[in-house]
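# Structural features, examined
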Amino acid sequence: MFSDKEEFKEAFKAKLETKLGKKAEEATERDAYKALGALVQERISRNWVKTNQDYRTNKNKQVYYFSMEFLMGRLLGNNLLNLKMLSLVEEGLDDLGLNLTSLEEKEHDAGLGNGGLGRLAACFLDSLASLELAGHGYGIRYRYGMFEQHIIDGQQVELPDHWLSQDFIWEVRRPEEAVEVRFGGNVEAVKNESGPLHFEYKNYEQVQAVPYDVPIAGYNNDTVNTLRLWSAEPIVENTLRKAEIENNSASFLDYKRELESISSFLYPDDSTDEGKRLRLKQEYFLVSAGVQSVIRSFERLDLPWTSFPDKAALHINDTHPALVIPELMRILMDEKGLGWEEAWDLTQSSVSYTNHTTLSEALEAWPVDMVRSLLPRIFMIIDEINERFCQDLWRTYPGDFDRIADLAIVADGQVKMAHLSIVGSHSVNGVAKLHTEILKKREMKRFYDTFPERFNNKTNGITHRRWLMHANKPLSSAITEAIGDSWMEQPKRLEDLLNKQEDHPFLDRLHDIKQENKQKLVDWVQETQGIAVDPASIFDVHIKRLHGYKRQLLNALHIMHLYNEIKSDPTLDIVPRTFFFGAKAASSYHFAKKVIQLINRIAHVVNNDRDVKDKIKVVFLPNYSVSIAERVIPASNVSEQISTASKEASGTGNMKFMMNGALTVGTMDGANVEIHDLVGDDNIYTFGMSSEEVLEYYRNGSYSSREIYENDSRVRHTLDQLVHYSPFSKGETDFQEIYDALLTYNDEFFVLKDFASYLFTQQKVSRDYLNQREWNKKSLINIAKSGKFSSDRTIQEYATDIWQIQRTRMLK
Ligand code: 26V
């Protein structure tokens, strides 16, 4: 790279001049960001070209990770870290009067994801490259990412996230790699005298899929993999012809807009049929473009089709890209001339599937009519897969109609995407031990009975490079001073910190670092929101998508209860706490928006009340994003992971907090269970119902939230405050819906059932926090045990058990 900082400074100044036509003195921070980015991209590009060449020469097996979401966040800092240029650049910029952190903040988050699933995909890419594994992402280059959340009058307002308006400096458009994707039309069966029956696809609509490639540089190695994001564009001659025919520029523009809408928005509102159709179009667009490009790369190797599964692994991130299965079948049969059996064998051996949720409303099922009209040939293939699968079942379970109807891929007028994914792949995995057990024992029990060998667990992980080394540099340095730097490449080595449990100066240092991080957050909150926060208070943080099952409402009710206690006795001696929230609600999810409104109302009441404001504070951080998470997590003491047991497949925020020394207040759900197993009872605050209890209640229907309301005066009081006159309701009916969900509709997520145990646990947290030395020790143990949750471990497991790929030693 650069041998010293002077060399970097020269290169940087030269870049400013050649790229932006400016001298260092006249450059704005944005100019400096762009120049630095260009410099970094140049360095990465050399290894990018080389990596691709090596992959081709060595014919390594390639993994293609198909995902509708990649929540990448900012890339500059991470790229500098992986290139090991961070401190050199920081010092060089400093000499020039520039601050690296401020330049990093000029970068707009690449927010092409909703939450955990998309962020997991981003962490996986970092781990693949860092472990020198040949793995690439395939996604969509949405023109607008996750909406920008504003809070106006205490309520969420969504604005489009026009992230491309200021250039995404890392992408490279590759028109020469564009492919055509086809929709609609009809299929004709053709029988030639000589050849077998084949199918001709006619009268379809053509869309061009143009890839934009983003390099993914590994940590301290020469590997640079690719995130390929596809953009939908009209095919020029096609649009001209269409315009000619119609001779009408307005309809031409409509046509262009309609095509481009395929890659316009992340998750368009699918509450209408029109929205659903567009979503299906997006999914097929990604799949068809991706599979064509996989096939193209394979064909360049000049090998027989039988070796396809030895050279390509196609992984589907949830069922969203499940059409990979029939699309691969279509290309192998219709375009490459393979027979059904052979195509099926190659497809099953190369496709694998991860399930990320058991929530029934999130399980994809497409109306048959929609699939048939939008993707006629794909539907025929799905129908045939279903037919053959049902026949197989009939042979194994003759006469068991019930079972066959239950397992069918096409049933009740719908195409069930999870069923298609299981049947068409060789591996199905859940994302945490508990989640995988629930899949095997309940949600997918009958599939597990049929294909037990396909099911396996891969507990999620997070990249410790972004979430510890980059987000929390002071902590990283302290760790390295204490145990050396081997943990950076082998995160399990963080366990060496366990020897420091009685090292008081070290524990004090951890405490000081946490305080510094808290102070930085305090300054930022003061500056951006005008709220004064006490850095000595407990920083209790609940950041994640807003959903009923994640129970932000439980946290909110707890704060209302604390407020009531302080109001009834203003001399009450409580440990000061600041509650931070960050959460976006889906635009059509009315209830979730009401919870956001409630949290903001509570913040308003609490923060402006003389009696309580020095004891508790509430901060709602608008527009929660990857970069906000990076600010907040290192400054946290308490990590809220309080989903209704059985509902959170894994959670990954829980791991990020743990790695940064926050203690978890959590239910025995998702990966919390594994955190608990690692750190032990003394170093985590678990509470509430178990997943078995929850599932048992759902089965027998014996839960009564009203009973709790009637028997627990604290519950009664806070709930009444939602609808009767109170500082929170202000006599309005804003929160009637929340009250009704909890009482009239019997509290689907057991908020009231877990309320008492949550309060009790939070009291223990406050007491324990007073003993700082013990707290710091718990924090240390959490950091020390967090190495298991590096996504390097997760990816290594995928590589060995599912994809069967090995590390590619790059030739230097
Ligand atoms: C999707 C939807 C869409 C329709 C409305 C309700 C709803 C609720 C949940 C979802 C989740 C989709 C899949 C997903 O994002 N799962 C998350 O995946 C993470 C990575 O594996 C995991 O850590 C989270 O626990 C899991 O919720």
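Definitions and limits used
Residues numbered from 1 in each chain as written. Predicted model: local features only at pLDDT ≥ 70, side-chain atom pairs only at ≥ 80, totals over all residues. Heavy atoms only, no water. UniProt positions renumbered as here; feature names shortened; annotations may be inferred. Helix = DSSP H or I, 4+ residues; strand = E, 2+ residues; numbered from the N terminus. Rg over C-alpha atoms; globule rule 2.2 N^0.38 Å. Buried < 20%, exposed > 50% of the residue type's maximum accessible area, 1.4 Å probe, protein only. Contact = heavy atoms within 4.5 Å. Near = heavy atom within 4 Å. Polar contact = N/O pair within 3.5 Å; in protein donor to acceptor, adjacent residues only side chain to side chain. Areas by Shrake-Rupley, 256 points an atom, 1.4 Å probe, with all protein chains shown as cover. Nonpolar A, V, L, I, M, F, W, Y, C, P; charged D, E, K, R; others polar. Pairing = 2+ DSSP bridges. Axes fitted to C-alpha atoms, helices over the stretch in contact; angles between N-to-C directions. Phe/Tyr/Trp six-rings, centres within 6.5 Å; stacked < 30°, edge-to-face > 60°. Core = buried A, V, L, I, M, F, W, Y, C linked by side-chain atoms within 4.5 Å. 1 Å grid on protein atoms, 1.4 Å probe; cavity = no way out; pocket = protein on both sides within 12 Å on 5 of 7 lines; lining within 4 Å. Points joined across faces, edges and corners; volume = space filled by probe spheres on them. Salt bridge = Lys/Arg side-chain N within 4 Å of Asp/Glu carboxyl O.

As annotated in an unreviewed UniProt entry, the protein chain carries the name Alpha-1,4 glucan phosphorylase and is attributed to Halobacillus halophilus. Taken directly from UniProt, the Sequence similarities (unreviewed entry) text for the protein chain runs: "Belongs to the glycogen phosphorylase family." Under the heading Cofactor (unreviewed entry), UniProt records this for the protein chain: "pyridoxal 5'-phosphate".

It is worth spelling out the overall build of the protein chain at this point. Summing up its helical and strand segments, the protein chain has 33 helices and 25 strands in all. In summary, the protein chain has a C-alpha radius of gyration of 27 Å against a globular reference of 28 Å for 812 residues, a match within 12%. With the C-alpha coordinates aligned to their principal axes, the bounding extent of the protein chain is approximately 95 × 75 × 60 Å. When burial is assessed residue by residue, the protein chain has 60% of its 812 residues classed as buried. Relative to all contacts within the protein chain whose residues are 6 or more apart in sequence, the contacts with residues 24 or more apart total 76%.

So, on to the site of the ligand. The immediate surroundings of the ligand are formed by 17 residues, with His 356, Asn 460, Glu 648, Ser 650 and Gly 651 found nearest. Contact between the ligand and Tyr 549: an oxygen atom at 3.2 Å from a side-chain N or O atom of the residue. One nitrogen or oxygen atom from the side chain of Glu 648 is found 2.6 Å from an oxygen atom belonging to the ligand. In the complex, 77% of the free accessible area of the ligand, which totals 590 Å², lies under the protein chains. Counted by class, the shell around the ligand contains seven nonpolar, seven polar and three charged residues.

What follows concerns the UniProt feature "modified residue: N6-(pyridoxal phosphate)lysine" (unreviewed entry) in the protein chain. Here, the residues flagged by UniProt with the feature "modified residue: N6-(pyridoxal phosphate)lysine" (unreviewed entry) are Lys 656. Considering the arrangement of structural elements, one finds Lys 656 in helix α25 (residues 653-659). Not counting the four nearest positions on each side in its chain, Lys 656 is found in contact with Arg 119, Ile 462, Trp 467 and Ile 633.

Moving on, we get to the sheet that holds strand β21 (residues 577-582). If you walk across this open sheet you meet the six strands as β22-β21-β20-β23-β24-β25, and the pairing is parallel. The outermost strands of the open sheet, each flanked by one partner alone, are β22 (616-620) and β25 (685-686). Lying on the sheet, helix α23 (residues 590-607) is in contact with β21 and β22; it crosses β22 at an angle near 140°. Taken strand by strand, helix α32 (residues 772-785) contacts β23 (638-641), β24 (663-666) and β25, and its axis lies near 85° from that of β24.

The next point concerns the environment of Asp 153. Looking at the element boundaries, Asp 153 is found in the loop between β5 (148-152) and β6 (155-159). Given a relative accessible area of 74%, Asp 153 falls into the exposed group. In sequence terms Asp 153 and Val 723 are 570 residues apart; their C-alpha atoms lie 19 Å from each other.

Further remarks concern the sheet that holds strand β17 (residues 414-416). Spatially, β15-β17-β16 is the arrangement adopted by the three strands of the open sheet, whose pairing is antiparallel. Unpaired on one side and paired on the other, β15 (365-367) and β16 (410-411) mark the two borders of the sheet. Bridge analysis of β15 against β17 gives three bridges, and the strand direction is antiparallel. By the bridge assignment for β17, Pro 367 is matched with Gln 414.

Turning our attention to helix α26 (residues 672-679). Most of α26 is tucked away: six of the eight residues are buried. All buried positions along α26 are accounted for by Asn 672, Val 673, Glu 674, Ile 675, His 676 and Val 679. Lining the buried residues of α26 we find α17 (433-443), β23, α25, β24, β25 and α32. Where α26 terminates, the next one or two residues include Gly 680, which has phi positive at roughly 85°.

This structure, assessed with the given rule, holds 29 aromatic pairs. Summarising the aromatic geometry, the rings of Phe 183 and Tyr 284 are spaced 5.8 Å apart at their centres and angled 75° between planes, so their arrangement reads as edge-to-face. Here Phe 183 is found in strand β8 (residues 179-183), whereas its partner Tyr 284 is found in helix α9 (residues 273-300), with 101 residues between them in sequence. Exposure remark for Phe 183: the relative accessible area of 2% places this residue in the buried category. The class for Tyr 284 is buried, based on a relative accessible area of 3%. On the basis of an interplanar angle of 45° and a centroid distance of 5.0 Å, the ring pair of Tyr 201 and Tyr 204 is categorised as tilted. Cluster of aromatic residues (ring-pair linked, three or more members): Tyr 64, Phe 66, Tyr 138 and Trp 230.

In terms of nonpolar packing, the biggest core is built from 196 residues, with Phe 12, Leu 36, Phe 66, Phe 285, Leu 314 and Trp 803 touching the most fellow members. No other element matches the ten residues that α9 contributes to this core. Ignoring anything within four residues of it in the chain, the contact list for Leu 314 reads Tyr 64, Phe 66, Val 291, Val 294, Phe 308, Val 324, Leu 328, Ser 350, Val 351 and Ser 352. Counting residues in each nonpolar core, the second largest holds 61 residues, with Phe 591, Ala 603, Phe 735 and Phe 755 among its members.

Another aspect to go through is the layout of surface pockets. The volume enclosed by the second largest pocket comes to roughly 670 Å³. Along the wall of the second largest pocket there are 31 residues; nearest its centre are Asn 52, Arg 56, Arg 228, Ser 297 and Arg 300. For the lining of the second largest pocket, the secondary structure elements donating two or more residues are α2 (29-58), β1 (62-66), β4 (135-140), β12 (224-233) and α9. Ranked by the residues each element gives to the lining of the second largest pocket, the list is headed by α2, at eight residues. Residues that form the lining of the second largest pocket fall into these classes: ten nonpolar, eleven polar and ten charged.

Counted according to the given criterion, the structure contains 65 salt bridges. Glu 177 is paired through a salt bridge with Arg 228; the nearest N and O atoms lie 3.7 Å apart. With Glu 177 in the loop between β7 (172-173) and β8 and Arg 228 in strand β12, this pair connects stretches of sequence that are 51 residues apart. Judged by its relative accessible area of 11%, Arg 228 is buried. Between Lys 336 and Glu 299 there is a salt bridge, with its nearest N and O atoms 3.0 Å apart. Taken together, the residues span a long stretch of sequence, with Lys 336 in the loop between α11 (324-335) and α12 (340-350) and Glu 299 in helix α9 at a distance of 37 residues. By relative accessible area, Lys 336 is classed as partly exposed at 27%. The exposure class of Glu 299 is partly exposed, given its relative accessible area of 38%. Here the residues in one salt-bridge network are Arg 174, Glu 177, Asp 213, Arg 228, Arg 296 and Arg 300, joined through shared partners.

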